[in-house]
Amino acid sequence: MCQFLRHALLAIAASLVAVPAAKAQKPERIVVAGGDLTEIVFALGHGDRLIGVDSTSGYPETAKDLAQIGYVRRISAEGILSLSPDLMLVADDAGPVDTLSALSSAGIRIEIAPTTTSVDDIPDKIRFVATALSDPDAGEALATTFIQDLAAARTMVGDLSDRPRVLFILSTSGGAPLVGGPGSTADLLIREAGAQNAASGFEGYKPMNREAIIAAAPDVILMTQAHSDRLGGLDDVLDRPDIALTPAGRARRGVTLDALTLLGMGPRTPTAIRQLATRIRMSTPDIGEPDG
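About the thresholds
- Residues numbered from 1 in each chain as written.
- Predicted model: local features only at pLDDT ≥ 70, side-chain atom pairs only at ≥ 80, totals over all residues.
- Heavy atoms only, no water.
- Helix = DSSP H or I, 4+ residues; strand = E, 2+ residues; numbered from the N terminus.
- Buried < 20%, exposed > 50% of the residue type's maximum accessible area, 1.4 Å probe, protein only.
- Contact = heavy atoms within 4.5 Å.
- Areas by Shrake-Rupley, 256 points an atom, 1.4 Å probe, with all protein chains shown as cover.
- 1 Å grid on protein atoms, 1.4 Å probe; cavity = no way out; pocket = protein on both sides within 12 Å on 5 of 7 lines; lining within 4 Å.
- Points joined across faces, edges and corners; volume = space filled by probe spheres on them.
- Nonpolar A, V, L, I, M, F, W, Y, C, P; charged D, E, K, R; others polar.
- Pairing = 2+ DSSP bridges.
- Polar contact = N/O pair within 3.5 Å; in protein donor to acceptor, adjacent residues only side chain to side chain.
- Expected span 1.5 Å × (residues − 1).
- Salt bridge = Lys/Arg side-chain N within 4 Å of Asp/Glu carboxyl O.
- Phe/Tyr/Trp six-rings, centres within 6.5 Å; stacked < 30°, edge-to-face > 60°.

A. Layout of the overall build of the protein. A tally of helices and strands in the protein yields 15 helices and 13 strands. Evaluated residue by residue, the protein yields a buried proportion of 51% over its 292 residues. Of the contacts made within the protein by residues no fewer than 6 positions apart, 60% connect residues no fewer than 24 positions apart. In the form shown here, the protein has an accessible surface area of approximately 12,700 Å², with 52% of it arising from carbon and sulfur atoms.

Given below as structure tokens:
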């Protein structure tokens, strides 16, 4: 997240110090912008207090039945105001800033989630949500469970000796595939799963042309299930001229995971690590399937 946006959101949060304590302590009508935060609210047992979510909030399924406030970075002030929330939880990259400022000026209490730069930051995000919901004990319990699950996932991965090269394709609109390089969430999960990121030489998500993809020589192509489906499935992706000449394309090695599970950086991240570690090896005939 850019520093300018982060500072702007922090300024909005600072403007809320005058919210009455009673209102801040017992939020009953909650709106969330951020699929990971929505998932945490439900995991803490407070899903019944949610009245609106953004379009990235696809888990659990019941979240899809709530009022929609738009995409996390393009939320609608009018829609949120019509819900009359007494608390809004927002991801650190939510916006636009002007919309959040208008909501703050209208008296809505806004709490901005801490930046998550590694999976080890997720327990603090869980505690943040729990504190905002006035249920810190539940937050500590969930954070402890997460830490234990993460340790178990890392132990499983640590027992693996192979390190396949994985290329994550976020999207293919506009020509060259947009892939996840170092510093991206995809890169974090690939490394946590005991694999190598085939993309290098740049930070974040960048387009990669045909020659660069072939030179990267990925053993496995990784995509979200939704984007793979939009392209006709993994077989069609592996048939692309820029993928077909890679080891992954020649051996038909591809893996898909649900987007929020893979990239959400929420309570299910240890599950994502285990699933990814297993599937990238199951997809590779010459690499043994891990135990567990």
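B. Broad picture of the layout of surface pockets. Computed from the structure, the largest pocket encloses a volume of approximately 1,500 Å³. Forming the walls of the largest pocket are 42 residues, and the residues nearest its centre are Arg73, Asp93, Thr185, Leu263 and Gly264. Elements with a contribution of two residues or more to the lining of the largest pocket: α3 (35-43), β8 (165-171), α8 (185-192), α10 (225-230) and α14 (259-263). Residue composition of the lining of the largest pocket, grouped by class: 16 nonpolar, 16 polar and ten charged.

C. α8, seen in detail. Taking burial as the measure, the eight residues of α8 include six buried ones, the bulk of the element. Along α8, the positions that sit buried rather than exposed are Ala186, Asp187, Leu188, Leu189, Ile190 and Glu192. Among the residues trailing α8, Gly194 stands out with phi positive, at a value near 75°.

D. Up close: the sheet that holds strand β3 (residues 67-68). Strand order in the open sheet formed by five strands is β3-β2-β1-β6-β7, and the pairing between neighbours is parallel. A strand with exactly one partner marks an edge of an open sheet, and here the two such strands are β3 and β7 (110-112). Sheet topology note: the strand β2 (residues 50-53)/β3 ladder contains two bridges and is parallel. The residue bridging Gly52 from the neighbouring strand is Ala67, located in β3.

E. Inspection of the side chain of Arg268 at higher detail. By the secondary structure assignment, Arg268 is in the loop between α14 and α15 (269-282). Look at Arg268 and you get buried, because its relative accessible area is 16%. A distance of 2.7 Å separates a polar atom in the side chain of Arg268 from a polar atom in the side chain of Glu39. Excluding residues within four positions of it along the chain, Arg268 makes contact with Glu39, Tyr59, Asp258, Leu260 and Thr261.

F. Region of the structure containing helix α7 (residues 136-158). If you check α7, its first and last C-alpha atoms are 32 Å apart, about what 23 residues at 1.5 Å a residue would give, namely 33 Å. Among the residues of α7, Gly139, Leu142, Ala143, Phe146, Leu150, Ala153, Met156 and Val157 are the ones counted as buried. On its buried side, α7 packs onto α3, α6 (122-132), α8 and α15.

G. How the structure looks around the pattern of salt bridges. Summed over all chains, the structure comprises 16 salt bridges. A salt bridge links Asp120 to Arg154, with the shortest nitrogen-to-oxygen separation between them at 3.0 Å. Of this pair, Asp120 sits in the loop between β7 and α6 while Arg154 sits in helix α7, and the two are 34 residues apart along the sequence. Among the residues examined, Asp120 registers a relative accessible area of 44% and is labelled partly exposed. Residue classification places Arg154 among the partly exposed residues on the basis of a relative accessible area of 32%. Connected through salt bridges with shared partners, the residues Glu39, Asp258 and Arg268 form a single ionic network.

H. A look at the side chain of Thr246. Here Thr246 shows up in the loop between α12 (241-244) and α13 (247-251). One polar contact links the side chain of Thr246 to the main-chain amide nitrogen of Gly249, over a distance of 3.0 Å. Setting aside residues no more than four positions away along its own chain, Thr246 makes contact with Ile213, Ile214 and Pro218.

I. Broad picture of the packing of aromatic side chains. Scanning the model with the defined rule gives one aromatic pair in all. Ring centres 6.4 Å apart and planes at 65° place the aromatic pair Phe168 and Tyr205 in the edge-to-face group. Placement of Phe168 in strand β8 and of Tyr205 in strand β11 (residues 205-207) is noted, with a sequence separation of 37 residues between them. With a relative accessible area of 0%, Phe168 lands in the buried category. According to the relative accessible area criterion, Tyr205 is partly exposed, its value standing at 28%.

Bear in mind that shape data such as this cannot, by itself, settle questions of function.
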